[in-house]
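Below, each chain spelled out in residue letters.
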There are 4 protein chains.
Amino acid sequence: MANTRFSYVKNFEEDPHLLFDCWTVIRVDGRSFKNFSDRHNFRKPNEPRALSLINAAACHVMSKFGDILLAYGHSDEYSFLLKKNSRMYNRRQQKILSSIVSLFSSAYCYYWKDFFPDQPMLSIPSFDGRTIVYPSYRSVVDYFSWRHADCHINNQYNTCFWSLVLNGKTHDEAYTWLKGTQKMEKNEYLFSTCGINYNSLPNSFKKGTTLVRVEDGVVLDFNDPDKMDENVQATIVSSSNPPISLMIDRHELDQLESKLCDITNDLGIKILHCDIIKQTFWDVVGHMIS
Amino acid sequence: MANTRFSYVKNFEEDPHLLFDCWTVIRVDGRSFKNFSDRHNFRKPNEPRALSLINAAACHVMSKFGDILLAYGHSDEYSFLLKKNSRMYNRRQQKILSSIVSLFSSAYCYYWKDFFPDQPMLSIPSFDGRTIVYPSYRSVVDYFSWRHADCHINNQYNTCFWSLVLNGKTHDEAYTWLKGTQKMEKNEYLFSTCGINYNSLPNSFKKGTTLVRVEDGVVLDFNDPDKMDENVQATIVSSSNPPISLMIDRHELDQLESKLCDITNDLGIKILHCDIIKQTFWDVVGHMIS
Amino acid sequence: MANTRFSYVKNFEEDPHLLFDCWTVIRVDGRSFKNFSDRHNFRKPNEPRALSLINAAACHVMSKFGDILLAYGHSDEYSFLLKKNSRMYNRRQQKILSSIVSLFSSAYCYYWKDFFPDQPMLSIPSFDGRTIVYPSYRSVVDYFSWRHADCHINNQYNTCFWSLVLNGKTHDEAYTWLKGTQKMEKNEYLFSTCGINYNSLPNSFKKGTTLVRVEDGVVLDFNDPDKMDENVQATIVSSSNPPISLMIDRHELDQLESKLCDITNDLGIKILHCDIIKQTFWDVVGHMIS
Amino acid sequence: MANTRFSYVKNFEEDPHLLFDCWTVIRVDGRSFKNFSDRHNFRKPNEPRALSLINAAACHVMSKFGDILLAYGHSDEYSFLLKKNSRMYNRRQQKILSSIVSLFSSAYCYYWKDFFPDQPMLSIPSFDGRTIVYPSYRSVVDYFSWRHADCHINNQYNTCFWSLVLNGKTHDEAYTWLKGTQKMEKNEYLFSTCGINYNSLPNSFKKGTTLVRVEDGVVLDFNDPDKMDENVQATIVSSSNPPISLMIDRHELDQLESKLCDITNDLGIKILHCDIIKQTFWDVVGHMIS
């Protein structure tokens, strides 16, 4: 930069460092994504094309920053784990945060056309982000378990909420009914009124998406077989606005997953939809992290 | 967020506040933009389509964050000024930084097709960002003067560099020649070998772009008449790679500026290419800021 | 420091800088000073020997750090104002904070014997501290006005509280009575039951202590004449524990003030007990600060 | 605090938190202690009364802050280790730093008379301080090893330096001689010219002082027998200014250690002069920390 009599203003810049010997999580979150998803007619409670798109964006970020060991996302959020003692940008917090959020946002826009070929982007999506520093392996595991539990609880709640709406309740009535109901009651309602066994919903909805680097000799085979029932789907898609779709055609899911793999092929990243609270997951993945 | 036994990990989050009673500058900068511009065959030393695109992205950001008073950009960087004592996101630094960088990045991708209709995006652009806090009006003025001086010095250097290359020098030879030459020599070289009067280059190249909100009763008429000579242009476009174009057809510039205005119309933002080091600029704009 | 294989631990040190172009206030506050004052039988509501002692400590700090422009204290707290753009310790926040708190604490102990010649120190006093950064002259003035208002409100409350106790109320009864009483009622109570005109209490109690550097040609003559009534004092000292003394012998105050001046003589610091909310104070002092 | 129109200034206060799940070290260091020690005629290279005094101050600090697990000091510095996840002051960094530095400084002044009964304090000592956050047990161990290595290297250097001065060299000559000499040469010089076996110096000089809390059932018996040779001492005390005393009368040391124990008795703190780089130390102490 040019050295002029104005250059003193550079002295006001301060970029603190992420503490050494710690893992860093960068979490990005959709800003006003309710508006964005309504505008683009995303199906409720889950729009698989949008989930595949955000997964593609996250894969791209992970492929560009080699120090990201693991990523986990659901809904409109994604968390990236930087390796302990990463030297990326000399651990400057603002530089790391802004670079990752920026690339994630750009990639989301870039890949839009691949997952919404018939739907032009009508408004501009954006994300906020934060960095969080974790000093212990235990807290890293618990962080991802926290987001995983959040995925599960939100998805169950939303699935139930939209099935109530599908069955004629207003949003307020659905909200009131759900306050105070327990997990079991929610599942029973789903089954009795919609004929849906919650457990048979796609794993990508129930468990979110986990990205890990493929390593030689490490078998990353955590994915339970998807138990989704192909026959139910036809009866439970509404034509309301937003369109409600409690289950998705397995064929559509497979096509999206296949398109995602085409894009992320050669990146050396494995895409999982599995339970990451379980110890068995960390037994295999842990050695890459600690 | 769900309240589980993992929720304690949330305690590790810390988002410091921007000091009260201060202006905040958020500066975004292209990451590896040399690669990005080469990949997309940007003309040297200036690609007017890319400049119009980044101006569109900045206008979009400014339209979405009402507390941004002023923005200034050139090349692949843009600086946004948040008003003193803005209450945006309760002054949380990470939230503000990440939201602006993200929206800027998305908008850059979104508007690409408008300015490069015949050129698909081949790689994914991204930006880093930083927040800087300025306690005094003086330092705010000096900050923008600093960036303006940077624009001028870089543009003069680059114009000379690429004219040397156009005249057969290698990059290394051009670099060596420029080390040690003063401003006057640079201008003389431009004139004697390329017939270019530096002062007749477009103001958008020499002075960058300033965005201000239009206010009733304030006449923002800082733009000098553009003195560019339309006849020179034809002789100095090379077919090399990267293509060198020391001057641009006024017609193309006008079309781009017009397209930009179509996009930013109704946003209440005035687009200027003027000298912001001059006191006259701050005499008019200052009252909006301080 | 020696360069060994352990030296890497030094990399974990981080000392952020105080923002440029700002004033810094360092405020020190007594830790558990209720215990300390009870242990040493401090008179209530004010112990003039303790006030003189803390003033001596503050003068010492101010004499050692030339960038301190102004200090203000009352009760067991003191605030020091560092000049804008001070380069002390390269503006390292921890270094500045710790050095000032340390010297203040040591000086408090060192001068104890001068103000409590017959009372050995029985426990070890200590202070906490904080740094606060102010970007505007207005907020600096308001900071000191804030502490001054605090002094006034606390002193009036405490004077009333201890007069209630002196008149036979328990602490709880006094506390309950004071909740809900306005300033006027408090003053009336003081006058009707104790014969005390609040305004006639010593200025050092009502207004705290302000330290300013003496400058040639600047007359720092803010002190109102002390209106304290010498005759009242004898009747209102109790022999209770803690001893209550609503007024102090002017002779004692003069002696303490004189001892303080002996100590701080030649330091070039003026000791004031005046109203620093008034504009007239800042009219004179302001030019030293801004 | 009183709620007035000035109270807004409180919003400028910010006290960041020490990261959870980490150990914190607070290190205090003498400010301008060369002047202070010269002023009080401290013997060179070690003044055992000053060492005992600083040990007393550190014991006092440790006794008042129950979350301090371990302390280590030598010369004019002391490091305190806060337990992982200490909740002291809600982990507010400035509050913790300032409180510890303040109490340390006050205690140093308070106990002065016990160790320098015939020498009034002539100037006011002070210390700076810093907080350092360590995320791993390994880095905590390495931190204390680093300070221990520093003690050793400095003490050996200083012992040699002052023996050169004792033998007639100027300070500059001594400094020049020492540049470039290795550890072995230093020891040989000490032995050949002063008849001093470096290993026979008191452990409190060579190894500094470590404070640990006494726990039931844990035998803290790390102290090697002190091998100091009582007969040498008489011949090597100079009457120069500063007085040089390469060895100290064991009787004096014992008396000081005994006085220190009188003061710290009942505090439940064990005072050690042992090698804390050795694994055997951490084998015993480690379980208290991790």
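Only a predicted model underlies this, so the values are computations on that prediction, with no experimental measurement involved.

**A word on the interface of chain C and chain B**
Then comes step 1: Counting from both sides, the interface comprises eight residues of chain C and, opposite them, eight residues of chain B.
Then comes step 2: Both faces considered, chain C and chain B share a buried interface measuring about 540 Å² in area, 66% of it formed by carbon and sulfur atoms.
Then comes step 3: Of all residues in chain C, Leu19, Asp21 and Pro135 of chain C give up the largest surface area on contact with chain B, accounting jointly for 74% of the area buried on that side.
Then comes step 4: At the boundary of chain C and chain B, one finds two residue pairs in polar contact (both at pLDDT 80 or more).
Then comes step 5: In terms of residue class, the side of chain C that touches chain B is made up of five nonpolar, two polar and one charged.

**Examining the side chain of aspartate 21 of chain C**
Then comes step 1: Of note, aspartate 21 of chain C is situated in the segment before strand 1 (23-30).
Then comes step 2: In this structure aspartate 21 of chain C is buried but unpaired, with lysine 84 of chain C as the nearest side chain of opposite charge at 4.7 Å.
Then comes step 3: A distance of 2.8 Å separates the side chain of aspartate 21 of chain C from the side chain of serine 136 of chain B, its partner in a polar contact.
Then comes step 4: In this structure aspartate 21 of chain C touches Phe12 of chain A, Pro135, Ser136 and Ser139 of chain B together with Lys84, Asn85, Arg91 and Pro135 of chain C, once residues within four positions along its chain are discounted.

**Some points on the relation of the copies chain C and chain B**
Then comes step 1: For the match of chain C to chain B, the screw axis carries a shift of 0.0 Å, the RMSD comes to 0.1 Å, and the turn is 180°. Both copies of the chain, as the preceding transformation shows, are related through a two-fold rotation axis. Taking the C-alpha atom as reference, chain C places proline 135 of chain C closest to the rotation axis, 2.5 Å from it.

**Comments concerning the UniProt feature "domain: tRNAHis guanylyltransferase catalytic" (unreviewed entry) in chain A**
Then comes step 1: Following the UniProt record, one finds the feature "domain: tRNAHis guanylyltransferase catalytic" (unreviewed entry) at residues 7-135 of chain A.
Then comes step 2: Spanning residues 7-135 of chain A, this segment combines 36% helix with 22% strand, and its end C-alpha atoms are found 37 Å apart.

**A look at the environment of valine 165 of chain B**
Then comes step 1: Here valine 165 of chain B is to be found in helix 4 (residues 137-166).
Then comes step 2: Spatially, the C-alpha atoms of valine 165 of chain B and serine 240 of chain B are 9.8 Å apart, while their sequence positions differ by 75 residues.

**Considering the sheet that holds strand 2 (residues 68-74) of chain D**
Residue and element names in this part refer to chain D.
Then comes step 1: The six strands lie next to each other as 4-1-3-2-5-6, forming an open sheet whose pairing is antiparallel. One side of each edge strand has no neighbouring strand; the edge strands of this open sheet are strand 4 (127-134) and strand 6 (269-272). The average undirected angle you get between the axes of adjacent strands in this sheet is 15°.
Then comes step 2: Judged from the four bridges that link them, strand 5 (residues 209-213) and strand 6 form a sheet pairing that is antiparallel. Looking at strand 6, one finds that valine 212 is bridged to lysine 270.

**Comments concerning the relation of the copies chain D and chain C**
Then comes step 1: Screw-axis analysis of chain D against chain C gives a translation of 0.0 Å along the axis, an RMSD of 0.0 Å, and a rotation angle of 180°.
Then comes step 2: Comparing interface residues between copies, 100% of those in chain D also lie at the interface in chain C; the contact surface is shared.

**Digging into the sheet that holds strand 6 (residues 269-272) of chain A**
Residue and element names in this part refer to chain A.
Then comes step 1: If you trace the six strands from one edge of the open sheet to the other, you get 4-1-3-2-5-6, paired in antiparallel fashion. Across the chains shown, the open sheet's two edge strands, defined by having one partner strand only, are strand 4 (127-134) and strand 6. Direction aside, neighbouring strands of the sheet carry axes that sit 15° apart on average.
Then comes step 2: In terms of strand pairing, strand 1 (residues 23-30) meets strand 4 through eight bridges, oriented antiparallel. Looking at strand 4, one finds that aspartate 29 is bridged to aspartate 128.
Then comes step 3: On top of the sheet, helix 4 (residues 137-166) reaches strand 1, strand 2 (68-74), strand 3 (77-82) and strand 4; it is set at about 20° to strand 2, its chief contact.
Then comes step 4: Packed onto the sheet, helix 9 (residues 279-289) meets strand 1, strand 2, strand 3, strand 5 (209-213) and strand 6 and runs at close to 135° relative to strand 2.

**So, the interface of chain D and chain C**
Then comes step 1: Every contact between the two is made by 58 residues of chain D and, on the other side, 58 residues of chain C.
Then comes step 2: On the chain D side of the interface with chain C, the three residues burying the most area are Phe6, Ile124 and Trp146 of chain D, jointly 15% of the side's total.
Then comes step 3: Remark: the boundary between chain D and chain C carries six salt bridges.
Then comes step 4: Linking arginine 27 of chain D and glutamate 13 of chain C is a salt bridge whose minimum nitrogen-to-oxygen distance equals 3.3 Å.
Then comes step 5: Put simply, chain D and chain C have 26 residue pairs in polar contact (both at pLDDT 80 or more) between them.
Then comes step 6: Partitioned by chemical class, the residues of the side of chain D that touches chain C number 29 nonpolar, 16 polar and 13 charged.

**Considering unusual backbone geometry**
Residue and element names in this part refer to chain A.
Then comes step 1: The omega angle of the peptide bond from lysine 44 to proline 45 is 0°, so this bond is cis rather than trans.
Then comes step 2: Inspection of the secondary structure puts proline 45 in the loop between helix 1 (33-39) and helix 2 (48-64).
Then comes step 3: A positive phi angle, close to 50°, is found at serine 75, a residue other than glycine.
Then comes step 4: You can see serine 75 is positioned in the loop between strand 2 and strand 3.
Then comes step 5: Residue serine 75 is classed as partly exposed on the basis of its relative accessible area of 49%.

**Structural notes on the state of the cysteines**
Two cysteines, two sulfur atoms, one covalent bond between them: this is a disulfide.
Then comes step 1: Tallied over the entire structure, the rule returns zero disulfides over all chains.
Then comes step 2: No disulfide involves cysteine 59 of chain A; its sulfur sits 8.3 Å from the nearest other cysteine sulfur, which is in cysteine 261 of chain A.
Then comes step 3: Overall, cysteine 59 of chain A belongs to the buried group, its relative accessible area being 0%.
Then comes step 4: Cysteine 109 of chain A takes part in no disulfide bond, and the closest cysteine sulfur, belonging to cysteine 109 of chain B, lies 5.2 Å away.

**Looking at the packing of aromatic side chains**
Then comes step 1: Taken as a whole and judged by the stated rule, the model has 108 aromatic pairs over all chains.
Then comes step 2: Among the aromatic side chains, those forming a connected cluster through ring pairs are Phe33, Phe36, Phe42, Tyr78, Phe80, Phe104, Tyr108, Trp112, Phe116 and Phe127 of chain A.
Then comes step 3: When the ring centre of tyrosine 89 of chain C is taken as reference, the NZ or CZ atom of lysine 95 of chain C above it lies at 5.1 Å.
Then comes step 4: Over the ring of tryptophan 146 of chain D we find arginine 147 of chain D; its NZ or CZ atom is 4.3 Å from the centre of that ring.

**Quick notes on the confidence of the model for chain A**
Then comes step 1: Overall, the predicted model of chain A reaches an average pLDDT of 91, with 94% of residues at or above 70.
Then comes step 2: Confidence metrics for the complex model read pTM 0.93 and ipTM 0.95.

**What about helix 8 (residues 250-264) of chain D?**
All names here are of chain D.
Then comes step 1: With 15 residues, helix 8 extends 21 Å from end C-alpha to end C-alpha; this agrees with the ideal 21 Å at 1.5 Å per step.
Then comes step 2: Residues of helix 8 that are buried include every one of Glu252, Leu253, Leu256, Leu260 and Thr264, and no others. Along helix 8, the residues classed as buried sweep out an arc of 100° about the axis, all on the same side. Of the exposed residues in helix 8, the ones pointing more than 90 degrees away from its buried face are His251 and Asp262.
Then comes step 3: Of the surrounding secondary structure, the elements contacted by the buried residues of helix 8 are helix 2 (48-64), helix 3 (93-115), helix 7 (203-206) and strand 6.
Then comes step 4: Within two residues after helix 8, aspartate 266 carries a phi angle of roughly 75°, on the positive side.

**Considerations on the pairing of strand 3 (residues 77-82) of chain D**
All names here are of chain D.
Then comes step 1: Burial within strand 3 is extensive, with six of its six residues counted as buried.
Then comes step 2: Residues Glu77, Ser79 and Leu81 of strand 3 are buried on one face, and the alternating residues Tyr78, Phe80 and Leu82, pointing to the opposite face, are buried as well.
Then comes step 3: One ladder, built from six bridges, connects strand 1 (residues 23-30) with strand 3; its direction is antiparallel. The residue bridging valine 25 from the neighbouring strand is leucine 81, located in strand 3.
Then comes step 4: Pairing of strand 2 with strand 3 involves six bridges; the strand directions are antiparallel. Paired with alanine 71 across the two strands is phenylalanine 80, which belongs to strand 3.
Then comes step 5: Two successive antiparallel strands, strand 2 and strand 3, enclose a turn made up of two residues, where serine 75 displays a positive phi of approximately 50°.

**Quick notes on the pattern of salt bridges**
Then comes step 1: Under the defined criterion, the tally for this structure stands at 60 salt bridges over all chains.
Then comes step 2: Between glutamate 77 of chain A and arginine 147 of chain A there is a salt bridge; the shortest N-O distance is 2.8 Å. Highlighted residues: glutamate 77 of chain A in strand 3 and arginine 147 of chain A in helix 4, separated in sequence by 70 residues. Residues glutamate 77 of chain A and arginine 147 of chain A agree in their burial class; the two are buried.
Then comes step 3: Residue aspartate 150 of chain C pairs with arginine 147 of chain C through a salt bridge whose shortest N-O separation is 2.9 Å. Taken together, the residues aspartate 150 of chain C and arginine 147 of chain C, both in helix 4 (residues 137-166) and three residues apart, mark about one turn of the helix. As far as the burial class goes, aspartate 150 of chain C and arginine 147 of chain C line up, both buried.
Then comes step 4: Each of Lys10 and Glu13 of chain A together with Arg27, Asp29 and Arg130 of chain B takes part in salt bridges that share partners, so that together they form one network.

Definitions and cut-offs
- Residues numbered from 1 in each chain as written.
- Chains lettered and ligands numbered in written order.
- Predicted model: local features only at pLDDT ≥ 70, side-chain atom pairs only at ≥ 80, totals over all residues.
- Heavy atoms only, no water.
- Contact = heavy atoms within 4.5 Å.
- Buried area = accessible area lost by both parts, 1.4 Å probe.
- Polar contact = N/O pair within 3.5 Å; in protein donor to acceptor, adjacent residues only side chain to side chain.
- Nonpolar A, V, L, I, M, F, W, Y, C, P; charged D, E, K, R; others polar.
- Helix = DSSP H or I, 4+ residues; strand = E, 2+ residues; numbered from the N terminus.
- Buried < 20%, exposed > 50% of the residue type's maximum accessible area, 1.4 Å probe, protein only.
- Lys, Arg positive; Asp, Glu negative; His and termini not counted.
- Salt bridge = Lys/Arg side-chain N within 4 Å of Asp/Glu carboxyl O.
- Least-squares fit on C-alpha atoms with pLDDT ≥ 70 in both.
- UniProt positions renumbered as here; feature names shortened; annotations may be inferred.
- Pairing = 2+ DSSP bridges.
- Axes fitted to C-alpha atoms, helices over the stretch in contact; angles between N-to-C directions.
- Disulfide = S-S within 2.5 Å.
- Phe/Tyr/Trp six-rings, centres within 6.5 Å; stacked < 30°, edge-to-face > 60°.
- Lys NZ or Arg CZ within 6 Å of the ring centre and 35° of its normal.
- pLDDT = per-residue confidence, 0-100.
- Expected span 1.5 Å × (residues − 1).
- Arc of directions from axis to C-beta.

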